[in-house]
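Here's the letter readout for the chains.
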Amino acid sequence: MNLYHFTLSTSKENLFNITSMVNDALSASGIKNGIVTIFCPHTTAGITINENADPSVVRDFLLGMKEAFPDRAEFRHIEGNSHAHLKASCVGASETVIAENGKLLLGTWQGIYFCEFDGPRTRSFYVKIMGE
Ligand code: ZN
């Protein structure tokens, strides 16, 4: 009940602003006041909330993550994407947002992002809404 599933076609490594999709789910639920959980069921992708105004923030975010979690020769994971697993755990698999009067209680500069760290792939995420 009030569970919504979305799919995305991603590029190699990027942040996708999914705020409008989460808003669509909230509208469809008819719930005005409650809790919205956005969950990513993947191990090399995640969900985060960050600035939605200046596109340079996304670019700098990805640059910073690349420097924080470089692809290292010492990694043993056979799939060769350990850096992506590290980034995914760093941002986390979910975010929670309060819904108030039918709107997401996000700050002016906040957007909800699906973070792809090992694309391109077909990805999905869930939105679960609880409230009244
Ligand atoms: Zn892997």
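Just above sits the structure.
The structure contained in this document is the topic of the report that follows.

Cut-off values and rules
- Residues numbered from 1 in each chain as written.
- Predicted model: local features only at pLDDT ≥ 70, side-chain atom pairs only at ≥ 80, totals over all residues.
- Heavy atoms only, no water.
- Phe/Tyr/Trp six-rings, centres within 6.5 Å; stacked < 30°, edge-to-face > 60°.
- Helix = DSSP H or I, 4+ residues; strand = E, 2+ residues; numbered from the N terminus.
- Buried < 20%, exposed > 50% of the residue type's maximum accessible area, 1.4 Å probe, protein only.
- Donors = N, O, S within 2.8 Å, 3.2 Å for Na, K, Ca; no water.
- Tetrahedral: all angles 85-135°; square planar, octahedral: opposite > 155°, others 65-115°.
- Core = buried A, V, L, I, M, F, W, Y, C linked by side-chain atoms within 4.5 Å.
- Contact = heavy atoms within 4.5 Å.
- Patch = residues over 30% accessible without salt bridge, like charges linked within 9 Å, V, L, I, M, F, W, Y side chains within 5 Å.
- Areas by Shrake-Rupley, 256 points an atom, 1.4 Å probe, with all protein chains shown as cover.
- Salt bridge = Lys/Arg side-chain N within 4 Å of Asp/Glu carboxyl O.
- Pairing = 2+ DSSP bridges.
- Axes fitted to C-alpha atoms, helices over the stretch in contact; angles between N-to-C directions.

## Re the packing of aromatic side chains
One pair of aromatic rings is described through two measures. These are the centre distance and the angle between the planes.
So, step 1. Under the criterion given, the structure shown has 2 aromatic pairs.
So, step 2. Here phenylalanine 6 and phenylalanine 125 contribute two aromatic rings whose centre-to-centre distance is 5.1 Å and whose plane-to-plane angle is 20°, an arrangement assigned as stacked. You can see phenylalanine 6 sitting in strand E1 (residues 3-9) and its partner phenylalanine 125 sitting in strand E8 (residues 122-131), a full 119 residues away along the chain. The same class applies to phenylalanine 6 as to phenylalanine 125, namely buried.
So, step 3. For the pair phenylalanine 114 and phenylalanine 125, a centre-to-centre distance of 6.2 Å together with 40° between the ring planes defines the contact as tilted. Of this pair, phenylalanine 114 sits in strand E7 (residues 110-116) while phenylalanine 125 sits in strand E8, placing them 11 residues apart in sequence.
So, step 4. Note on phenylalanine 114: relative accessible area 0%, which makes it buried.
So, step 5. Through a chain of ring-to-ring contacts, the aromatic side chains of Phe6, Phe114 and Phe125 assemble into a single cluster.

## So, the coordination of the zinc ion
So, step 1. Ligation of the zinc ion by protein atoms is provided by His77 (NE2), Glu79 (OE), Asn81 (OD1) and His85 (NE2), these donors lying 1.9 to 2.2 Å from the ion.
So, step 2. Coordination at the zinc ion is irregular, judged from the 4 donor atoms that bind it and the angles of 88 to 146° they form at the metal.
So, step 3. The sequence motif formed by the donor residues of the zinc ion is H-x1-E-x1-N-x3-H.
So, step 4. Classification of histidine 85 as partly exposed rests on a relative accessible area of 23%.

## Here we look at the nonpolar core
So, step 1. Counting residues in each nonpolar core, the largest one holds 24 residues, and the members touching the most others are Ile18, Val36, Ile38, Ile112, Phe114, Phe125 and Val127.
So, step 2. At the level of elements, E1, helix H1 (19-29), strand E3 (34-39), strand E4 (45-51), strand E5 (94-100), E7 and E8 are the ones that each hand at least two residues to this core.
So, step 3. With 4 residues, H1 is the largest single contributor of residues to this core.
So, step 4. Beyond its immediate stretch of four places on either side in the chain, phenylalanine 125 contacts Tyr4, His5, Phe6, Leu8, Ile18, Met21, Ile38, Phe39, Cys40, Pro41, Ile47 and Phe114.

## Comments concerning a nonpolar patch on the surface
So, step 1. A cluster of nonpolar side chains, Leu3, Phe39 and Tyr126, forms an exposed patch at the surface whose accessible area comes to about 270 Å².
So, step 2. With respect to the secondary-structure elements, leucine 3 resides in strand E1.

## Looking at the sheet that holds E8
So, step 1. Strand order across the open sheet formed by 5 strands is E1-E8-E3-E5-E6, with antiparallel pairing between neighbours. Looking along the sheet, the strands with just one partner apiece sit at the ends: E1 and strand E6 (103-104).
So, step 2. Strand direction decides the pairing type here: E5 and E6, joined by 2 bridges, are antiparallel. The residue of E6 that forms the bridge with alanine 99 is leucine 104.
So, step 3. Against the sheet, H1 engages E1, E3, E5, E6 and E8, with an angle of about 155° to E1.

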